[in-house]
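Close look at the chain arrangement
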Amino acid sequence: MQILRSWVFALGCGLAAALAGRAEEATPALEVPGAAIEASEAPETAETGEARPATQVNVAESAEPAEPAEPPEAPAPAAPAPAEAVSAPPPATSATPAATVVPRGGEPVGVKVIPVRDAIARPVLYVIRRGLKEAQAEGMRTVILDMETPGGQLGVTLQIMDALSRFDGETVVYVNREAISAGAIISAVVDEIHFAPGGVIGAAAAVTGGGAEIPETMKQKINSYLNAKVRSLAARDNFRAEVIRAMMDADFEFMIGDELIKPRGELLTLTYDEAARTFGDPPRPLLSAGTHATLEDLLIAKFGEGGYVLSKVEVTWSENLAAWLNRVSPLLMGLGLLCIFIETKTPGFGIFGLMGGVMVALVFFGHHTAGLSSHVPALVFALGLALVLVEIFLIPGTLVAGISGAALMLGALVWSMVDIWPGEKLPKLDGDLLLVPVLNVAAALAIAIIGAIALGRFLPRGWFWDKMILQTAVAGDAAAPAAGRPGGWIEPGSGGGAGLLVGSAESLIGARGRTVSVLRPMGEVEIEGRRHEARAALGTLERDEPVRVTGRAGRILIVEREVS
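Residues numbered from 1 in each chain as written. Predicted model: local features only at pLDDT ≥ 70, side-chain atom pairs only at ≥ 80, totals over all residues. Heavy atoms only, no water.

Observations concerning the overall build of the chain
Test applied: Helix numbers and strand numbers start at the N terminus; a helix is a DSSP run of H or I with at least 4 residues, a strand a run of E with at least 2. Contacts were defined at the residue level, with two residues in contact if any of their heavy atoms lie within 4.5 Å. Accessibility throughout is a Shrake-Rupley quantity obtained with a 1.4 Å probe, and a residue counts as covered only by protein chains that appear here.
When you go through the chain residue by residue, the secondary structure sums to 17 helices and 19 strands. The long-range fraction of contacts in the chain, counting pairs at least 24 apart against all pairs at least 6 apart in sequence, stands at 67%. Carbon and sulfur atoms form 59% of the exposed surface of the chain, whose accessible area is close to 26300 Å².

Here's what the structure looks like:
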């Protein structure tokens, strides 16, 4: 027993330390004017590309001619520029044509608008991922990010970029006011970037969480990775990758033909009219696909009056709560499983069952709000718990229902953290997809097992504890119950555990005793100075009532009220 406890304790500490170390790494952030917001470290895949030297790049001369894009199904005429934007050059059509444009009077296009406000952090990721999955499930063809952000966490930015790349339809950013730092990086990977009058975009250098410069080697790794990511996701727009690089790398000199766009020593930030300037032959805009006074004007210009069906994602308090819950989900899972175990060892249904249910429900709520799972994993967990309870109270000792139920419970917890998209076939269950969910559930199991072992001496003994924890020790002495001890009990310290019933309980049938807890119908009775787990044969028995043993179910005694 001591060896088992030591081994489990070491496993739990190791997992907890690994998770804590992974969560507390001090890592760079994307630059935010006035304040830097902490970010996750760029993934090691950044090493796959070397930092490009800070040399002059002539886009007009070096870029290969763009392949002609396929024409849209039926492009609508562009709407006139609003009054506020008259001074700006007329924006040209984006290098990526809108595949969802339909003529006025045609079939309306489903459009999902997702607001992006404040700093780019986990609540924003949850809103975007949830909105993208809702749009995909509803068959919508266009998603628009209504963006106003000063920047934020790099790790979250990369996850948002990945989510956008997995959406089947068209993605659009409307720079409502500003898309700075992380907002600019996110905008770089969508199909079209539109602006409101006065909108600005840029200044996307990586800095530390406190706003200081990061080491040059780390900066090169981050810039190299982000540039490669942007090039892979925006390959059809020759200007965009260079524009984003100029926003991230102060040492990069950006020229188009003979015109200097950004000199060395500063970061590029574009206003709405600068982003709409055209270059090349034929003329193409630097970054903008259009300027529109309002989001509604953008929709009308793109789809025509009545050419779209609009749906907006509502941002609620639940995203902030989910961000906190998901940080502590291994602890909540572990304590929830421990409370459920304690509830099975105590009579009736009490506070431990309620606490365990609430903790597990919070775990599923956090994962669902994060856009990771539907309600199905929670239902599978409930089914597994029901099978475990059937094993404990109805058919104890068979282990079939109990083991199946436990497997369903653990599988549901892992499932709730897997990022599966609507309509997606069963994803490839590789290490990248399952690593974090499996580590979280393993840490939760370690917490639950360590807690159960620590509390084991204070909990009533029963078949479950005997079989799952001390079955080996009991088996060694099961054939030789201590003589003169009722019911085959072995005294503490005799090698068979602390007061465990290892022999037959038949000798207790007909024995008389008293209840030491309320039996509804499960509880404890005391017979000949020893406590036993028992179940009332009929109805409820109150505390300190005289009882008589009439039978047994596995290791649970069946008792009824003794009539004097």
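Continuing now.
Overview of the environment of Glu314
Relative to the elements of secondary structure, Glu314 occurs in the loop between β14 (308-312) and α10 (318-327). When the C-alpha atoms of Glu314 and Ile114 are compared, they prove to be 8.0 Å apart, with 200 residues separating the residues in sequence.

Looking at the sheet that holds strand β15 (residues 512-515)
The strands making up a sheet are joined through hydrogen bonds of the backbone, oriented either antiparallel or parallel. Selection rule: Two strands are counted as paired when DSSP detects at least two bridges linking them. Angular values range over 0 to 180 degrees, each being the angle between N-to-C directions of two axes fitted as lines to C-alpha atoms, with helices fitted over their stretch in contact.
With mixed pairing, 5 strands are arranged side by side around a closed barrel as β15-β16-β17-β19-β18. Here the strands of the sheet are splayed against their neighbours by 55° on average, with no regard to which way each runs. Where β15 lies against strand β18 (residues 546-553), 3 bridges are found, and the strand directions are antiparallel. Considered in β18, the bridge of Arg512 is made with Arg548.

Here we look at the pattern of salt bridges
It is possible for side chains bearing opposite charge to pair when their charged atoms get close. What counts here: What makes a salt bridge here is a side-chain nitrogen of Lys or Arg within 4 Å of a carboxyl oxygen of Asp or Glu, nothing more.
For the structure shown, the criterion picks out 18 salt bridges. Where salt bridges share partners, they join Lys112, Arg130, Glu134, Glu138 and Glu319 into one cluster.

Some thoughts on the side chain of Glu319
For clarity, the cut-off: The classification of residues rests on relative accessible area computed with a 1.4 Å probe and restricted to protein chains. Under 20% of the type maximum is buried, over 50% is exposed, and intermediate values are partly exposed. By the criterion applied in these results, polar contacts are pairs of N or O atoms within 3.5 Å in which, for protein atoms, one can donate a hydrogen and the other can accept it, and in which residues neighboring in sequence qualify only through two side-chain atoms.
Residue placement: Glu319 occurs in helix α10. For Glu319, a relative accessible area of 2% puts it in the buried group. A polar contact is formed between the side chain of Glu319 and the backbone nitrogen of Thr316, at a distance of 3.0 Å. For Glu319, the residues in contact, after removing those within four places along its chain, are Pro123, Tyr126, Val127, Arg130 and Thr369.

Quick look at the pairing of strand β4 (residues 142-149)
Both faces of the sheet carry side chains from a regular strand, because those side chains alternate between them. Under the convention used in this document: Crossover handedness is defined here as right-handed if the route from the first strand over the helix to the second strand goes clockwise, with the strands pointing away from the viewer.
Of all 8 residues in β4, 7 are buried, a share of seventy percent or more. Across 7 bridges, strand β3 (residues 109-117) lies against β4 in parallel orientation. For Arg117, the partnering residue across the bridge sits in β4 and is Glu148. For the crossover that starts at β3, traverses helix α3 (residues 122-137) and ends in the parallel β4, the hand is right-handed. As judged from the 7 bridges shared by β4 and strand β5 (residues 170-180), these two strands associate in the parallel manner. Considered in β5, the bridge of Ile144 is made with Val172.

Re the pairing of strand β10 (residues 259-262)
Bridge analysis of strand β9 (residues 254-256) against β10 gives 3 bridges, and the strand direction is antiparallel. Each bridged residue has a counterpart across the sheet, and for Ile256 the counterpart in β10 is Glu259. Hairpin connection from β9 to β10: 2 residues lie between these consecutive antiparallel strands, with Gly257 at a positive phi of about 65°.

Focus: the packing of aromatic side chains
Under the convention used in this document: Only the six-membered ring of Trp is used, alongside the rings of Phe and Tyr, when aromatic pairs are assigned; centres must lie within 6.5 Å, and planes under 30 degrees apart are stacked while those over 60 apart are edge-to-face, with the rest tilted.
Enumeration according to the criterion identifies 5 aromatic pairs in this entry. Plain terms: the ring middles of Phe239 and Phe279 are 6.3 Å apart, the flat faces sit at 85° to each other, and that makes the pair edge-to-face. Taken together, the residues span a long stretch of sequence, with Phe239 in helix α7 (residues 238-248) and Phe279 in strand β12 (residues 278-279) at a distance of 40 residues. The pair formed by Phe239 and Phe279 is uniform in burial state, with each residue classed as buried.

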